[in-house]
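Topology and contacts: notes
Listed below are the residues making up each chain.
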Amino acid sequence: MNIHPQTKYAYDLFHAGTLALSRAEQQGIRIDTEYCEKKKAHLTRKINKMESIFKNTNFYRHWEHSMGKVNINSNSQLSVYLYKIKKLKPAYTTTSGQGSTDEEALLQLNIPELNDLLQIRKLKKVRDTYLDAFVREQVNGYIHPSFNLHLVKTFRSSSDRPNFQNIPKRDKEAMQITRKALFPRPGHQLMEVDFSGIEVRIAVTYHKDPQMIKYIT
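Small disclaimer: the values here were computed from a predicted structure and weren't measured. (Residues numbered from 1 in each chain as written. Predicted model: local features only at pLDDT ≥ 70, side-chain atom pairs only at ≥ 80, totals over all residues. Heavy atoms only, no water.)

Overview of the packing of helix α4 (residues 75-85) against helix α6 (residues 112-137)
Worth spelling out the cut-off: A fitted line through C-alpha atoms serves as each axis, taken over the contacting stretch for helices, and the angle formed by two N-to-C directions is quoted from 0 to 180°. The numbering of helices and of strands both runs from the N terminus, where a helix is a DSSP run of H or I of at least 4 residues and a strand a run of E of at least 2. When an angle is under 35 degrees it counts as roughly parallel; over 145 it counts as roughly antiparallel; between 65 and 115 it counts as roughly perpendicular; any other value is oblique. By the convention used here, residues are in contact when the closest approach between their heavy atoms is within 4.5 Å. Residues are grouped as follows: nonpolar covers Ala, Val, Leu, Ile, Met, Phe, Trp, Tyr, Cys and Pro; charged covers Asp, Glu, Lys and Arg; every other residue, Gly included, is treated as polar.
At their nearest, the axes of α4 and α6 sit 14 Å apart, and the two run at 175° to each other. With respect to α6, the element α4 is oriented roughly antiparallel. Contacts between α4 and α6 involve N75, L78 and L82 from the former and L114, L117 and R121 from the latter. Its residues placed into classes, the contact of α4 with α6 shows four nonpolar, one polar and one charged.

Concerning the confidence of the model for the protein chain
In plain terms, the rule: Values of pLDDT, ranging from 0 to 100, describe the predictor's confidence in every residue of the model.
Residue-level pLDDT values for the protein chain average 89, and 98% of them are 70 or greater. Ranking the elements of the protein chain by mean pLDDT puts helix α8 (residues 198-207) last with 83 and helix α2 (residues 33-54) first with 96.

Points about a nonpolar patch on the surface
Test applied: Residues enter a patch when their relative accessible area is above 30% and they make no salt bridge; the linking distance is 9 Å between like charges and 5 Å between nonpolar side chains (Val, Leu, Ile, Met, Phe, Trp, Tyr). All accessible-area figures derive from a Shrake-Rupley calculation using a 1.4 Å probe, and residue coverage is judged against the displayed protein chains alone. Definition used for salt bridges: Asp or Glu carboxyl oxygen within 4 Å of a side-chain nitrogen of Lys or Arg.
Taken together, F14, F155 and Y206 make up a surface patch of nonpolar side chains, about 310 Å² in accessible area. For F155, the position within the fold is in the loop between β3 (146-148) and β4 (158-160).

Some points on helix α3 (residues 58-67)
We count it as follows: Buried, partly exposed and exposed residues are distinguished by accessible area as a fraction of the type maximum, computed with a 1.4 Å probe on protein chains only: under 20%, between the cut-offs, and over 50%, respectively. Directions are taken from the helix axis to each C-beta atom, and the arc is the one they span.
By the burial criterion, the buried members of α3 are F59, Y60 and W63. Looking down the long axis of α3, one finds its buried residues gathered within 95° of arc, a one-sided arrangement. Turned more than 90 degrees from where α3 packs its buried face, N58 and H65 sit exposed. Looking at the buried positions of α3, the neighbouring elements they touch are α2, α4 and α6. Positive phi shows up at G68, right after α3, with a value of about 80°.

Quick word on unusual backbone geometry
A cis amide bond, omega -5°, links R161 with the succeeding residue P162. Considering the arrangement of structural elements, one finds P162 in the loop between β4 and α7 (172-179). A positive phi angle, near 60°, is found at K87, a position not held by glycine. Position of K87 relative to the elements: it lies in the loop between α4 and α5 (103-109). Topologically, R161 is positioned in the loop between β4 and α7. For R161, a relative accessible area of 51% gives the class exposed.

A look at the packing of aromatic side chains
What counts is decided by this rule: The aromatic pairing rule takes the rings of Phe, Tyr and Trp, using the six-membered ring of Trp, and pairs them if the centres are within 6.5 Å, calling planes under 30 degrees apart stacked, those over 60 edge-to-face and the rest tilted.
Inspection of the entire model under this criterion finds five aromatic pairs. When the centroid spacing of 6.2 Å and the interplanar angle of 85° are considered together, the rings of F59 and W63 count as edge-to-face. With F59 and W63 both in helix α3 and four residues apart, the pair spans about one turn of that helix. Judged by relative accessible area, F59 falls into the buried class, the value being 6%. Overall, W63 belongs to the buried group, its relative accessible area being 0%. Relative to Y81, the ring of F59 has its centre 5.4 Å away and its plane inclined at 85°; by these criteria the two rings are edge-to-face.

Considering the environment of T95
Here T95 shows up in the loop between α4 and α5. Given a relative accessible area of 89%, T95 falls into the exposed group. In this structure the C-alpha to C-alpha distance between T95 and E37, which are 58 residues apart in sequence, comes to 40 Å.

A few points about the nonpolar core
Just so we agree on the cut-off: We define a nonpolar core as any set of buried Ala, Val, Leu, Ile, Met, Phe, Trp, Tyr and Cys residues linked to one another through side-chain atoms lying within 4.5 Å.
Counting 35 residues, the largest nonpolar core has W63, L82, L114 and F134 as its most contacted members. Sorting the residues of this core by element identifies α2, α3, α4, α5, α6 and α7 as the ones contributing at least two each. It is α6 that contributes the most residues to this core, nine residues altogether.

Examining the packing of α6 against α7
Defined as follows: In a left-handed crossing the near helix is turned counterclockwise from the far helix by less than a right angle, and in a right-handed crossing that turn is clockwise.
The N-to-C vectors of α6 and α7 enclose an angle of 20°; their axes lie 10 Å apart at closest approach. With respect to α7, the axis of α6 lies roughly parallel. The hand of the α6/α7 crossing is right-handed. On α7, the residues touching Q119, K122, L123, V126, Y130, L131 and F134 of α6 are E173, A174, I177 and T178. Here the residues of the contact of α6 with α7 are counted per class, giving seven nonpolar, two polar and two charged.

Structural data, given as structure tokens:
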């Protein structure tokens, strides 16, 4: 069997990356568990208050009257209510032809009650997906996410338990709440390195589109 000349180079690069990530996993990231617990309790009170106000709006009452039991976390139910019952025109549709219920599409509808619902959902995600995961996965005040190099076709890294590569950065409020839970060891700093556009460049090695090659070079 012929071995490609670059195979050893690719293996060495992959091996070095795996070792680097394993060291990061072993080192861990320091978590302020007291802050997480206090912030979770604060968010729960805020969410409950916002849900109570939301359920007293005409928007919610009509939703409940039209569909019976309301699940404010259900995108499929919300889609039916907005686009089939209220007959609103979606900002854009999904690949299946249904009206989109992602955040950008819902914001474009410009309905105050819907904006409040998005805020409730965001705070729930911050509490349950991020802060709760930090507390659940920490050991002696440190989380040790599992970093992987073998799950994504482009060989970018991913992580789980918790997903440390999915911490908010576009939403300023969500970013501040979650990142405040992270702090360095004494005498150390937290740094972030982002290889901008690297997946696009890797994708080019697969499809070899001449226009894309020209664009990135």
